[in-house]
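Here is what each chain is made of, one letter per residue.
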Amino acid sequence: MPDFQTLLIYIIPLLFAITLHEAAHGWVASKLGDHTARMMGRVTLNPVKHIDPVGTIAIPLLLLISSSGFIFGWAKPVPINFNALRSGKSGMIWVALAGPGANLFMAICWLFIMILAINMNIPVLIEMGRIGIMVNCVLAVFNLLPIPPLDGSRVISALLPNRLAYQYNQLEQYGLFILLGLMFIGGFNYLVLPVVGLLLSWFQFALLLLG
């Protein structure tokens, strides 16, 4: 059972990662003409507005307590009216990619925090920076999986003809079960972790280069 400090080291980066991810979707949608998320108060860095009891709290806590070595989560999806986007399907792609893009941006921010913490010899912040990089890389790659309603599926849907896109999006009702099934049979070890490992090797190189 992890102690309180360990919980904070994991939970703080995870909350920031999920919050910025969802806020980025809403912010980009607003810039492209859909103000639904802004009107509902979801274009905010307040994590309370984005917390999902299962995806933000229960699943990450379960993975952490079980020492699975793999932690991820999700927030309440930001409401997007794709029909309101000025740029149509290309707008859908930009909105979808905004979340993973925000996670990669935050991973870079954690890299610089980690470098600062190393220079100032603050072990807790060093570890938090390491977890922050890992969590954001995992969320970026995880959300790009082409399984509705993940962001990768929105990109695929935007690229498909309307009829095929409609049929493909019907998988969304089964998406959570597919993801949980993949998690428990170890599917993420083949679909997510190799890409995450590549990203982390780049961050490790950057840390050696800059730190």
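Bear in mind the structure is a predicted one, so any value in this text is a computation, not a measurement. (Residues numbered from 1 in each chain as written. Predicted model: local features only at pLDDT ≥ 70, side-chain atom pairs only at ≥ 80, totals over all residues. Heavy atoms only, no water.)

With respect to the nonpolar core
Ile133, Val135, Cys137, Leu145 and Phe188 are the most contacted members of the largest nonpolar core, which has 46 residues in total. When residues of this core are traced back to their parent elements, those giving at least two are α1 (4-31), α3 (53-65), α4 (88-120), α5 (123-143), α8 (175-184) and α10 (193-210). Of the residues forming this core, the biggest block, ten residues, is contributed by α5. In contact with Cys137, other than residues within four places in its own chain, are Ala107, Val196, Leu199, Leu200 and Phe203. (Core = buried A, V, L, I, M, F, W, Y, C linked by side-chain atoms within 4.5 Å. Buried < 20%, exposed > 50% of the residue type's maximum accessible area, 1.4 Å probe, protein only. Helix = DSSP H or I, 4+ residues; strand = E, 2+ residues; numbered from the N terminus. Contact = heavy atoms within 4.5 Å.)

Focus: the side chain of Asp52
Positionally, Asp52 belongs in the loop between α2 (36-39) and α3. Looking at Asp52, its side chain comes within polar contact range of the main-chain nitrogen of Val54, at 3.0 Å. Apart from residues no more than four positions distant in its own chain, Asp52 is found in contact with Ile57, Trp74, Ala75 and Lys76. (Polar contact = N/O pair within 3.5 Å; in protein donor to acceptor, adjacent residues only side chain to side chain.)

Structural notes on a nonpolar patch on the surface
Side chains of Ile108, Phe112, Phe205, Leu209 and Leu210 sit close together on the surface and give an oily, nonpolar patch of about 550 Å² of accessible area. For the nonpolar patch, the secondary-structure elements that each account for two or more residues are α4 and α10. Within the secondary structure, Phe112 sits in helix α4. When its relative accessible area of 48% is taken as the criterion, Phe112 is described as partly exposed. (Patch = residues over 30% accessible without salt bridge, like charges linked within 9 Å, V, L, I, M, F, W, Y side chains within 5 Å. Areas by Shrake-Rupley, 256 points an atom, 1.4 Å probe, with all protein chains shown as cover. Salt bridge = Lys/Arg side-chain N within 4 Å of Asp/Glu carboxyl O.)

Focus on the side chain of Ser153
With respect to the helices and strands, the residue Ser153 is situated in helix α6 (residues 151-159). On the accessibility criterion, Ser153 (1% relative accessible area) is buried. Beyond its immediate chain neighbours, meaning those up to four positions away, Ser153 contacts Leu145, Pro146, Ile147, Pro148 and Tyr168.

Details of unusual backbone geometry
A cis amide bond links Pro148 with the next residue in sequence, Pro149, at an omega value of 10°. For Pro149, the position within the fold is in the loop between α5 and α6. For Asn121, which is not a glycine, the phi torsion comes out positive at approximately 55°. On the secondary structure map, Asn121 appears in the loop between α4 and α5.

These figures capture arrangement, not role.
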